[in-house]
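# Structure assessment
Listed below are the residues making up each chain.
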Amino acid sequence: MKTSKTDFFEFQKCFCKWQEKFGILNYEIIFQHKLLDDNDAELEYFRQPCAAIVRLNTEPSDSKRSMDELAKHEAVELFLAPARSVAMRRCIREDELETEFHSVVQALMRVVV
């Protein structure tokens, strides 16, 4: 089953909702609706410039996940992307890791009830 333009617009709307809830509004977001190899949706993150490409598969699996669930998953990936980037570097300063850790904590405080 293919995803429709309506699905794609719902996915974008849901992603923006989660982006706001997680406080990750400093990214330029580009949405794409295209055929993907193995994922129902995916995120490509760019640290400099602060941007991301969020893609929805035109032919998703039969996972039955809602557009909201798919969008939330990609928003969480974007939320964690800076911490992942810091952790992947060969030389990590403790203060950098602490800063990223606390940004995760603060965002979760806003979202978790």
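Just so it is clear, the model here is predicted, and its values are computed rather than measured.

The rules we used
- Residues numbered from 1 in each chain as written.
- Predicted model: local features only at pLDDT ≥ 70, side-chain atom pairs only at ≥ 80, totals over all residues.
- Heavy atoms only, no water.
- Axes fitted to C-alpha atoms, helices over the stretch in contact; angles between N-to-C directions.
- Helix = DSSP H or I, 4+ residues; strand = E, 2+ residues; numbered from the N terminus.
- Parallel < 35°, antiparallel > 145°, perpendicular 65-115°, else oblique.
- Left-handed = near helix turned anticlockwise from the far one by under 90°.
- Contact = heavy atoms within 4.5 Å.
- Nonpolar A, V, L, I, M, F, W, Y, C, P; charged D, E, K, R; others polar.
- Core = buried A, V, L, I, M, F, W, Y, C linked by side-chain atoms within 4.5 Å.
- Buried < 20%, exposed > 50% of the residue type's maximum accessible area, 1.4 Å probe, protein only.
- Salt bridge = Lys/Arg side-chain N within 4 Å of Asp/Glu carboxyl O.

## Here's the deal with the packing of helix 1 (residues 5–21) against helix 2 (residues 67–88)
Close contact between helix 1 and helix 2 brings their axes to 8 Å; oriented N to C, the two are set at 45°. It follows that helix 1 is oblique to helix 2 by the angle criterion. The hand of the helix 1/helix 2 crossing is right-handed. Residues Asp 7, Glu 10, Phe 11, Cys 14, Phe 15, Lys 17, Trp 18 and Gln 19 of helix 1 touch helix 2, and the partners they reach there are Met 67, Asp 68, Leu 70, Ala 71, Lys 72, Glu 74, Ala 75 and Leu 78. Its residues assigned to classes, the contact of helix 1 with helix 2 shows nine nonpolar, one polar and six charged.

## Observations regarding the nonpolar core
Here is a general trend for soluble globular proteins: nonpolar side chains tend to be buried in one another's company. Counting 22 residues, the largest nonpolar core has Phe 11, Phe 15, Ile 29 and Leu 78 as the members making the most contacts within it. Broken down by secondary-structure element, the contributors of at least two residues to this core are helix 1, strand 2 (41–46), strand 3 (51–57), helix 2 and helix 3 (94–111). No other element matches helix 2, which puts six residues into this core. Each residue touching Leu 78, except ones within four places of it in the same chain, is listed here: Phe 15, Ile 24, Tyr 27, Ile 29, Leu 43, Tyr 45 and Ala 52.

## Examining the pattern of salt bridges
Tallied over the full model, the rule gives four salt bridges. One salt bridge connects Lys 2 with Glu 59, and the closest N-O pair in it is separated by 3.5 Å. Pair noted here: Lys 2 is in the segment before helix 1 and Glu 59 is in the loop between strand 3 and helix 2, with a separation of 57 residues, a long-range link. Exposure remark for Lys 2: the relative accessible area of 58% places this residue in the exposed category. Note that Arg 55 and Glu 44 form a salt bridge whose closest N and O atoms lie 2.7 Å from each other. Of the two residues, Arg 55 is situated in strand 3 and Glu 44 in strand 2; the sequence distance between them amounts to eleven residues.

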